Amino acid sequence: MLTEPPPISLENRKPGHAGRLTADETAALKKLWLRVFDLFQQAGQPWELSTNEKAPKSTGRFWPLVGGNEKKSNELVFVGRTSNPRWMSLPLKDAIPLIPGDSLARTFWNMVATDNPDSAMLRYLRARKWDFEAAYWMLADTLRWRLYMRIDDITALGEVGLQDHLNQIRAGMGEQFMAQMRSGKATLGGPDKDSRGVAFLNVRLHHKEDQPHEVIQIVGLYLVETARLFCGHPMDTACIVFNLEKFTLANMDLELLKFMITSLQNYYPETLGLILIHKAPWIFSTVWHMIVPLLDPVVASKIQFTQSLSDFTKFIDISGVPVIISGDPNRKTKDEASTASPIMTTLDRTSKAYAAYEEEKVAYTEETLAWAKQPVEEDLERDALRRLARGRAYRLKRIQAEKDLRSPTSYHAKGIIHLTDENRLLIDFGTSFKQQDITDRV
């Protein structure tokens, strides 16, 4: 049954976020929209991957393949296969004009996903302290990176699809991917005490030599893109926990750590709300000295260290803490308690919901272009309410087409994320944080 969405309120909106912008901030948002829409019109240089072209080389070390008899290889077999290598090898301002605008537009809307489009844009403006030019180039860099890393393919294929696809391009790679997904080294849950979703990274379960770096990159990006479903007003950011209990140098993977830090800081701005580093041993101090220079000061300010469970539960209620941290096998999180796996589905890009979403993107673009070309209204509250309503209309159409755009995940199978037959998007961490309908968040 379709119901009218609840009235939109401007209460409890954070400064610089959708619904609470100054006149100057609104002007910057309008300028950014105009510049981005103009970017999407560029022709670029058409490029097709030759069937005989070799996969791009990694800058990392050699990795063993499954089976034992294969030669070691440093080839990237998934990442970079659908983009022109020059898009990433050239300086940003030389590379962007080469990329077809429709490709940039497609990955932009996939990046926005179920978010309010204004909110997605504002993350870049806040990250660059409202420097419009810097925010534009940060966003452009994100779009070329997403094309290179094949983020859209990662979310569309899902776990089962990725397993099959990776096995087709390299024997055993799909099994390596699924082994990482099932290893327990990363679980989703929460919330923390500020109602954020939490990614728990159990570092002692990670060993650098157990999998190719490319595989663990794909796993990390898959988890980040899945966790983004939890984000949206008022839960705008996420929490990451690095559980370092029993950490040794055998668990150290500086290459992976650099990749994660770079990805989150450069391509997922204003997404982290809290980082907990739990039970860091003395040996971690050596590693920490290598990490600190990599951190943006804003990100560094969000880091908290905890040593005891009582310290830890000041940030996350015990009901949302996985067994590997709590030590209580009788209190499992919803992610831990279930072994359900997603089933393979076929995305229907011919459905009415998908067609309606494509029409909505056009309508949103036209209306936002018209809005952006107008001077900033004197009545900022009225303007904010209209933009939030427009963002929610987009979000509802995107959620209705969700099953045609994104393959289901383990977190759907476990009931942590649930898309109902009525196209309501629900989240349920299985803790004191009861199931919530987040469909109308904006």
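Since this is a predicted model, take the numbers as computed values, not measurements.

(A) Just the sheet that holds strand β6 (residues 417-419), in detail. Judged by pairing direction, the sheet is antiparallel, and its 3 strands sit side by side in the order β6-β7-β8 without closing on themselves. Every interior strand has two partners, whereas the edge strands, β6 and β8 (436-437), have only one. Of the pairings in the sheet, the one linking β6 to strand β7 (residues 425-427) comprises 3 bridges and is antiparallel in character. Counted as the bridge partner of Leu419 is Leu425 from β7.

(B) A look at the domain arrangement of the chain. Segmenting the chain into domains produces domain 1 (13-46 + 77-149 + 348-400) and domain 2 (171-326). Relative to domain 2, the C-alpha centre of domain 1 lies at a distance of 27 Å. With 21 residues of domain 1 at the interface, the matching set in domain 2 holds 21 residues. Buried area between domain 1 and domain 2, both sides added, is near 1800 Å², and the carbon and sulfur share of it is 53%. Counting across the interface, domain 1 meets domain 2 through 2 salt bridges. For the pair domain 1 and domain 2, the interface holds 8 residue pairs in polar contact (both at pLDDT 80 or more). Elements supplying a minimum of two residues to the side of domain 1 that touches domain 2: α4 (101-112), α5 (117-127) and α6 (132-149). No other element matches α6, which puts 6 residues into the side of domain 1 that touches domain 2. Broken down by class, the residue content of the side of domain 1 that touches domain 2 amounts to 11 nonpolar, 3 polar and 7 charged.

(C) Structural context of the side chain of Asp383. In this fold, Asp383 is placed in helix α17 (residues 380-400). A distance of 2.9 Å separates a polar atom in the side chain of Asp383 from a polar atom in the side chain of Trp371. Once residues lying within four places of it in the same chain are set aside, the contact partners of Asp383 are Thr26, Trp371 and Glu377.

(D) How the structure looks around the packing of helix α7 (residues 151-169) against helix α9 (residues 213-227). Their axes nearest at 10 Å, the elements α7 and α9 cross at an angle of 125°. With respect to α9, the axis of α7 lies oblique. For the element pair α7 and α9, the recorded crossing hand is left-handed. Contacts between α7 and α9 involve Ile151, Ile154, Thr155, Gly158, Glu159, Leu162 and Leu166 from the former and Ile218, Leu221, Tyr222 and Glu225 from the latter. Looking at the contact of α7 with α9 residue by residue, the class counts come to 7 nonpolar, 2 polar and 2 charged.

(E) Seen up close, the UniProt feature "domain: CRAL-TRIO" (unreviewed entry) in the chain. UniProt records the feature "domain: CRAL-TRIO" (unreviewed entry) at residues 175-333, using the numbering of this structure. The distance from the first to the last C-alpha atom of residues 175-333 is 25 Å, and the span holds 35% helix and 16% strand.

(F) Region of the structure containing the pattern of salt bridges. Applying the stated criterion to the full structure yields 26 salt bridges. Between Glu225 and Arg228 there is a salt bridge, with the nearest N and O atoms lying 3.3 Å from each other. Several salt bridges share partner residues, and in doing so they unite Arg146, Asp152, Glu225 and Arg228 into one network.

(G) View of the sheet that holds strand β1 (residues 186-189). Taken together, 5 strands build an open sheet; the order of strands is β1-β2-β3-β4-β5 and the sheet is mixed. Strands with a single pairing partner mark the edges of an open sheet, and in this sheet they are β1 and β5 (303-306). Between one strand and the next, the sheet's axes are offset by a mean angle of 20°, whatever the strand orientation. Examined bridge by bridge, strand β2 (residues 198-202) and strand β3 (residues 238-243) share 5 bridges and lie parallel to one another. Within β3, the residue paired with Phe200 across the bridge is Val241.

Rules used in this analysis
- Residues numbered from 1 in each chain as written.
- Predicted model: local features only at pLDDT ≥ 70, side-chain atom pairs only at ≥ 80, totals over all residues.
- Heavy atoms only, no water.
- Pairing = 2+ DSSP bridges.
- Helix = DSSP H or I, 4+ residues; strand = E, 2+ residues; numbered from the N terminus.
- Domains from an automatic or database assignment.
- Contact = heavy atoms within 4.5 Å.
- Buried area = accessible area lost by both parts, 1.4 Å probe.
- Salt bridge = Lys/Arg side-chain N within 4 Å of Asp/Glu carboxyl O.
- Polar contact = N/O pair within 3.5 Å; in protein donor to acceptor, adjacent residues only side chain to side chain.
- Nonpolar A, V, L, I, M, F, W, Y, C, P; charged D, E, K, R; others polar.
- Axes fitted to C-alpha atoms, helices over the stretch in contact; angles between N-to-C directions.
- Parallel < 35°, antiparallel > 145°, perpendicular 65-115°, else oblique.
- Left-handed = near helix turned anticlockwise from the far one by under 90°.
- UniProt positions renumbered as here; feature names shortened; annotations may be inferred.

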